Amino acid sequence: MGAAELIEVCVTLPVPGRYHYRVPPHLAGKAPVGSRVLVRFGKQKITGVVVRADTPAPEGVTPVDLSEVLDDQPALPAELVELCLWIADYYEAPPGEALRAALPAGSGVKSKQVFGLTAKGVGIAGGAGAALPAKQRVLLARLAEAELPLGAASAATRRVLEALITDGLVELRDHRASARVKLRRERVARLVGEIGAAKAASAKSLKKVRVLDVLAAGAALPVEMIEQQVPGAKVTLRELVKSGLVEITERELPLEGIETGADMLVIAPPVLTGEQTVAVGEITAALSAPPGADGRKPFTPFLLHGVTGSGKTEVYLRVIAEALGQGRSALVLVPEISLTPQLAARFRARFGDQVAILHSGLSEQARLGEWTRLARGEARIAVGARSAVFAPLTGIGVVVVDEEHDGSYKQDEGVRYHARDVAIVRAQRTGAVCVLGSGTPSLESAAHAEKGSYRLLRLTERPMARPMPTVEIIDLRTYMPDGEGMLTAPLRAAIEKTLAAGDQAILFLNRRGFATFVLCRACGHSFRCPNCSVSLTYHQHADRLRCHYCNRVEHVPEQCPKCKAIAIERKGLGTERVAAALVEAFPKARVARLDRDTASGSKVEVVLGRVARREVDILVGTQMVTKGHDFPGVTLVGVLCADTGLDLPDFRSAERTFQLLAQVAGRAGRGDRPGHVLIQTYRPTEPAVLAAAAHDYTQFFTAEYEARRELGYPPHGKLIAVRIDGADPHQVAGAAQQIGRAAQAAAEQLGGTVEVLGPAPAPLERLRGRTRWQILLRSSDRHALRKVARSLPLGDPNRDPRATLDVDPVSAL
């Protein structure tokens, strides 16, 4: 008899390492890599994923048996399993958590131990247990109604249960809970035998004959349809089943692509510009390139640097069409959920139901359906936000990351992966072509292109020879804005001119709400969130103060809680107040808002649809209006205050400001009429503002690249942030100091190649009731940096205070 098969499993819990299990004979060969399995882990059974098959057990370890295999076919391709293990290693995360991110939400299975009656116990509980002690009779009666979880049994109850187990009346067994979400199924009925014989046996019942006539029309018909055709068929079907003439089973409902929520007419592909033709040619050449002597294709990502409105999406569509023609699949990432329906609509118009959509805004049921269509090969193009990087595609030919510079590609909790970087690694491992697209590339990507690590492709002009919008900087020190709408005289005049021409305008302000903060005019008391280090924002529509981090809501008091004066004032500016001021200033204009407060559910598609149909004259919004929208009717863009992000304590603040200004400016003039942009600022000589106004990425990149070189920030150095948080401020500070000392000691042992910044309170020191500190590790040597990080005494991540590593952080806040 051969040795038992052993497998390595990662459980979907925040615990480190992999665990060995023995495959029992009846499951031999049924648990290949990528399969979801049910395994004993501590006192429970939980879902795990097989990551290695036929693996030897470590010395001194006696593996327990695998409990169950949950899939007929592996849930994840072996390539995706390896990618998740790479993510866990690179981002210093538990491997099971990385694998859980790749599985559909709600599809996990757990099992718990319960006390239940044996067959003998059922008989005794039915009335034959009069001779038993009273406590045993009461407990048997209780178990006859429902099983008792092991954890719910008190010590006294367990003593009674042990006696019942000894007598063979009760047993401790596993109870498996169903997955929270499953593919939709329906009950179907079919004839068991020949129709004539079945009707002859049922001749005395007209209703049975009618049901049998319906069933004769098909091999298996939905029970619901039969009940619609024959009223009262439910009881009749039950009788026919009991007679052995009909069988009722379940089957999976056909999977259909979800609605995108955005309309897009199917039109012939446009004629490419010269620059688009060159870009498509180079990328498709790489797609068709033969593998080298080692069997692998040479890999160099493409950076498609195209000005806003230059037609990057059409390049993606042509390259993906080529990949599909080769029998391969495609992965397309977008930074915002709000952009997914629009981009998906364009892809659906070109590729039909081959497109599946993946993002967290979908219901778990819808996500599972789309995930399954991709896994089965029914859809070959995955379009989605950050988590779509885990789409279960096989045979990937092209990976596209649109707006690759966007910070929302970085996961900020749990497994802190960067979807852009993971997409690059996935493309390299699968032999796919990777295209990173942006009008304002991240400094890291642009630096790679400068060094030749990425192949740079440029789109410098808009199709149809449309010019870039003209940009005018309005100095707020000279032109005083009004107090309500932040409108200077030049911007007000530009809006009037735009409305008179029948065109549309977008006004950008990176603040939500009606007032940024509320204070007492008498004593200066301001209303701040007690859980977070931020002011509460006033929202007029709800007449409430709200924290935009922990969602705390408060009433606005009539008098100051500190000095009791009736002197409450609303200060600052937000999109809600601007929108209200615009309605008052331009009463005939149709004004709409687009920010996080209005973007819940399908509202964002409604707002964007109204703008596209020209049912909105002025759109006011936060950075949601800067990303990827294409509205030909918009000829004016106004930036109400360009300075809001410049002074944030973050080394990327200038880069983010430039990107936001350049992106929002690019919304103007995408139709037949030229565009105009007005940027209002108190700092008109700021390099980021000047470069955005000039549409000059090179100017900004050169200045910022050199500024970062002096400080060793990316792209010149690597960073790992140690983030410490907890409910008790003193414990958090103590843990941060302890980890900081360990980091300094480890860095000194490496000869100072790693710089330790901190520990210090985070700029946003309190968030959702938790105090936050951080330590920044900086070095040009990634291996030394990782060595220091892995030496730190971070403790149990499931206990307070909690310390975690953030590899390649995108924010210092």
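Residues numbered from 1 in each chain as written. Predicted model: local features only at pLDDT ≥ 70, side-chain atom pairs only at ≥ 80, totals over all residues. Heavy atoms only, no water.

## Remarks on the sheet that holds strand β28 (residues 618-621)
Strand pairing within a sheet occurs via backbone hydrogen bonds; the two strands may be parallel or antiparallel.
Here is step 1 of the chain: With respect to topology, six strands assemble into an open sheet ordered β20-β30-β29-β21-β28-β27, the strand pairing being parallel. The open sheet has two edge strands with one neighbour each: β20 (470-475) and β27 (591-594). Averaged over all adjacent pairs, the angle separating strand axes in this sheet is 20 degrees, with direction ignored.
Here is step 2 of the chain: In this structure, β27 lies alongside β28, joined through four bridges in parallel fashion. For V591, the partnering residue across the bridge sits in β28 and is I618.
Here is step 3 of the chain: The strands that helix α16 (residues 489-500) touches are β20, β21 (504-508), β28, β29 (634-639) and β30 (676-681); relative to β29, the one it contacts most, it runs at about 160 degrees.
Here is step 4 of the chain: Its contacts with the sheet place helix α18 (residues 603-612) against β21, β27 and β28, and it is angled at close to 140 degrees to β27. (Pairing = 2+ DSSP bridges. Helix = DSSP H or I, 4+ residues; strand = E, 2+ residues; numbered from the N terminus. Axes fitted to C-alpha atoms, helices over the stretch in contact; angles between N-to-C directions. Contact = heavy atoms within 4.5 Å.)

## Considerations on helix α13 (residues 364-375)
Here is step 1 of the chain: A rise of 1.5 Å per residue sets the reference length of α13, with its 12 residues, at 16 Å; its end C-alpha atoms lie 16 Å apart and thus fit the reference within 8%.
Here is step 2 of the chain: Count one or two residues on from α13 and you reach G377, which has phi positive near 80 degrees. (Expected span 1.5 Å × (residues − 1).)

## Describing the sheet that holds strand β25 (residues 553-555)
Here is step 1 of the chain: Within the open sheet, the three strands sit side by side as β23-β24-β25. Their pairing is antiparallel. With one partner strand each, in any of the chains shown, β23 (537-539) and β25 form the two edges of the open sheet. Recorded for the sheet is a direction-independent mean angle of 35 degrees between the axes of neighbouring strands.
Here is step 2 of the chain: Here strand β24 (residues 544-546) runs beside β25; their pairing, made up of three bridges, is antiparallel. Following the sheet pairing, R546 is matched in β25 by V553.

## Regarding the pattern of salt bridges
Here is step 1 of the chain: Across all of its chains, the model carries 49 salt bridges by this definition.
Here is step 2 of the chain: Taking the shortest distance from any N to any O, the salt bridge between E79 and R426 comes out at 2.8 Å. Highlighted residues: E79 in helix α1 (residues 78-90) and R426 in helix α14 (residues 419-430), separated in sequence by 347 residues.
Here is step 3 of the chain: Its relative accessible area of 0% is what places R426 among the buried residues.
Here is step 4 of the chain: A salt bridge links R790 to D89; its shortest N-O distance comes to 3.1 Å. Here the residue R790 occupies a position in helix α23 (residues 782-790), and D89 occupies one in helix α1, the gap between them amounting to 701 residues.
Here is step 5 of the chain: The class of D89 is partly exposed, set by a relative accessible area of 45%.
Here is step 6 of the chain: Members of the salt-bridge network, linked through shared partners, are D89, E92, R786 and R790. (Salt bridge = Lys/Arg side-chain N within 4 Å of Asp/Glu carboxyl O. Buried < 20%, exposed > 50% of the residue type's maximum accessible area, 1.4 Å probe, protein only.)

## Things to note about the nonpolar core
Here is step 1 of the chain: The biggest cluster of nonpolar side chains holds 75 residues, and the ones touching the most others in it are L76, I87, L333, Y417, V722, I724 and L777.
Here is step 2 of the chain: Looking at this core element by element, the count peaks at nine residues for α1.
Here is step 3 of the chain: Excluding residues that lie within four positions of it along the chain, Y417 makes contacts with I87, Y91, R386, S387, V389, F390, Y409, K410, Q411 and V422.
Here is step 4 of the chain: In terms of nonpolar packing, the next biggest core, distinct from the first, is built from 36 residues, F631, V637, F658 and I679 among them. (Core = buried A, V, L, I, M, F, W, Y, C linked by side-chain atoms within 4.5 Å.)

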